[in-house]
Amino acid sequence: MARIAADADPPAPAGDEEAGQSRSIAAVERAMDVLLLFGRTSRSDLGITEIATELGITKAAVHRILTALRSRDLISLDTATRRYALGHAAIGLGRAYLARTDVRAMAAPELRELSRLTGETATLSIRRGDTRMYLDQAVPNQELRMEVSLGIPYPLHAGSSSKAFLAFLDEAEVDGYLQRHPLKALTDKTITTKPGLRKELAAVRKRGYAISYGERQEGAASIAAPILDHDGHVIATMSVSGPITRFKPRLTQNAPHLLEAAARVSAQLGYDPGR
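Residues numbered from 1 in each chain as written. Predicted model: local features only at pLDDT ≥ 70, side-chain atom pairs only at ≥ 80, totals over all residues. Heavy atoms only, no water.

**Q** What is the right way to read the layout of surface pockets from this model?
**A** One simple way to see leftover space: roll a probe sized like a water molecule over the atoms. A volume near 190 Å³ is recorded for the second largest pocket. Taken together, Phe168, Gly208, Ala225, Pro226, Leu228, Leu259, Ala262, Ala263, Ser266, Ala267, Tyr271 and Pro273 make up the lining of the second largest pocket. Those elements that place two or more of their residues in the lining of the second largest pocket are strand E7 (220-228) and helix H10 (251-268). Among the elements that line the lining of the second largest pocket, the one with the most residues is H10, at five residues. Class assignment for the residues of the lining of the second largest pocket results in ten nonpolar, two polar and no charged. (1 Å grid on protein atoms, 1.4 Å probe; cavity = no way out; pocket = protein on both sides within 12 Å on 5 of 7 lines; lining within 4 Å. Points joined across faces, edges and corners; volume = space filled by probe spheres on them. Helix = DSSP H or I, 4+ residues; strand = E, 2+ residues; numbered from the N terminus. Nonpolar A, V, L, I, M, F, W, Y, C, P; charged D, E, K, R; others polar.)

**Q** How do you make sense of the pairing of strand E1 (residues 75-78) when you look at a structure like this?
**A** Walk down a regular strand and you will see the side chains alternate between the two sheet faces. By the alternation rule, side chains of E1 split into Ile75 and Leu77, which are all buried, and Ser76 and Asp78, of which none is buried. In the sheet, E1 pairs with strand E2 (residues 83-86) via four bridges, with the strands oriented antiparallel. Counterpart to Ile75 in the pairing with E2 is Leu86. Following E1, the chain reverses through four residues before pairing antiparallel with E2; Arg82 in that reversal takes a positive phi of roughly 60°. (Buried < 20%, exposed > 50% of the residue type's maximum accessible area, 1.4 Å probe, protein only. Pairing = 2+ DSSP bridges.)

**Q** It is not clear to me how the side chain of Ser161 should be interpreted in this structure. Could you clarify?
**A** With respect to the element layout, Ser161 can be found in helix H6 (residues 160-167). Among residues more than four places away in sequence, those in contact with Ser161 are Thr123, Ser125, Arg132, Tyr134, Ala224, Thr237 and Ser239. (Contact = heavy atoms within 4.5 Å.)

**Q** When you look at the pattern of salt bridges in this model, what are you seeing that I'm missing?
**A** When the charged atoms of two side chains with opposite charge come close together, those side chains can pair. Considering all chains together, one arrives at 15 salt bridges under this definition. Two residues, Asp130 and Arg180, come together in a salt bridge whose shortest N-O distance is 2.8 Å. One end of the pair, Asp130, is in the loop between strand E3 (121-128) and strand E4 (131-138); the other, Arg180, is in helix H7 (residues 171-180), and 50 residues separate them in sequence. Residue Asp130 is classed as buried on the basis of its relative accessible area, which comes to 18%. A single network of salt bridges, built from pairs that share partners, joins Glu171, Asp175, Arg198 and Arg205. (Salt bridge = Lys/Arg side-chain N within 4 Å of Asp/Glu carboxyl O.)

**Q** Help me understand the confidence of the model for the protein, please; the structure alone is not making it clear to me.
**A** Where the model shows low pLDDT, its predicted coordinates should not be examined in detail. This prediction gives the protein a mean pLDDT of 86; 89% of its residues lie at or above 70. Between the elements of the protein, mean pLDDT differs from a low of 66, seen in helix H4 (residues 88-100), to a high of 95, seen in H6. Predicted confidence for residues 1-9 stays below pLDDT 50, and this span has zero contacts to residues more than four positions away or in other chains. (pLDDT = per-residue confidence, 0-100.)

**Q** Mind showing me how you'd approach the nonpolar core here?
**A** In summary, soluble globular proteins display a tendency toward joint burial of nonpolar side chains. Counting residues in each nonpolar core, the largest one holds 27 residues, and the members touching the most others are Leu114, Tyr209, Ile223, Ile227, Met238, Leu258 and Val265. Those elements that provide at least two residues to this core are helix H5 (103-118), E3, E4, E7, strand E8 (234-243) and H10. Other than its neighbours up to four places away in sequence, Val265 contacts Val103, Met106, Ala107, Glu110, Ile227 and Met238. Counting 18 residues, the second-largest nonpolar core is a separate cluster that includes Ala164, Tyr177, Ala210 and Leu228. (Core = buried A, V, L, I, M, F, W, Y, C linked by side-chain atoms within 4.5 Å.)

Okay, here's the thing in structure tokens:
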């Protein structure tokens with residue numbers, strides 16, 4: 001008599017298989033939430049209770065997730081304090097991302113198009129501590145035009161590109177800057193009082209871009225907007241500048257071009273204004 005092989009497990013019902021997949025996906029999503037929490041917190045390490053409270057999951061679930069992440073060196077544990085931090089594998093992922101994230105390359109076509117649309121000079125600036133510097137520019141085909149010097153540090157309180165940085169930093173960073181630096185005048189139009197600068201920064205945040213009429217360089221008019229990363233932090237600013245007599249009357253009508261260009265670069269960096 002023929003025997004029927006009974007070694008193989010019977011196939012799982014379709015419903016059970018789908019339920020198992022759903023649980024697996026949910027577990028992965030919770031692990032991702034834990035990992036992303038470490039990426040966005042300002043604290044250097046976190047405890048299990050803090051993570052559970054922040055994410056609204058049980059401490060037992062947090063412990064299981066951390067154990068799994070530790071097995072892949074995505075999370076490390078300080079055995080003395082029983083607190084967790086990002087592991088070297090996570091830091092490696094971050095470095096790989098940054099190596100592929102060249103804001104200058106991303107912004108270059110936007111600068112060229114912005115200069116074409118406005119007929120003026122478009123620039124990209126980055127921050128270095130309490131200063132900012134021009135990283136790139138696109139100049140128009142005009143005999144009278146603005147050109148900037150790349151790599152020279154400027155203070156954060158004078159000019160539209162600088163104010164676009166300062167306005168979108170958090171209050172603690174703004175307070176620190178004002179405590180560390182006197183507001184020196186670069187021209188007779190530079191804002192040199194703390195109340196005056198704070199009022200100006202509030203106006204910048206409200207409209208979404210900064211304006212300067214000769215604050216850093218006499219005879220120049222400019223507008224600048226922030227470029228934001230996936231966490232909403234300002235990492236660069238984009239500006240349009242020209243001779244004040246020519247650009248000032250057209251400054252506000254060109255602001256939408258600037259804001260759209262900055263938003264496109266921010267989107268490439270993962271910024272989501274609806275998040």
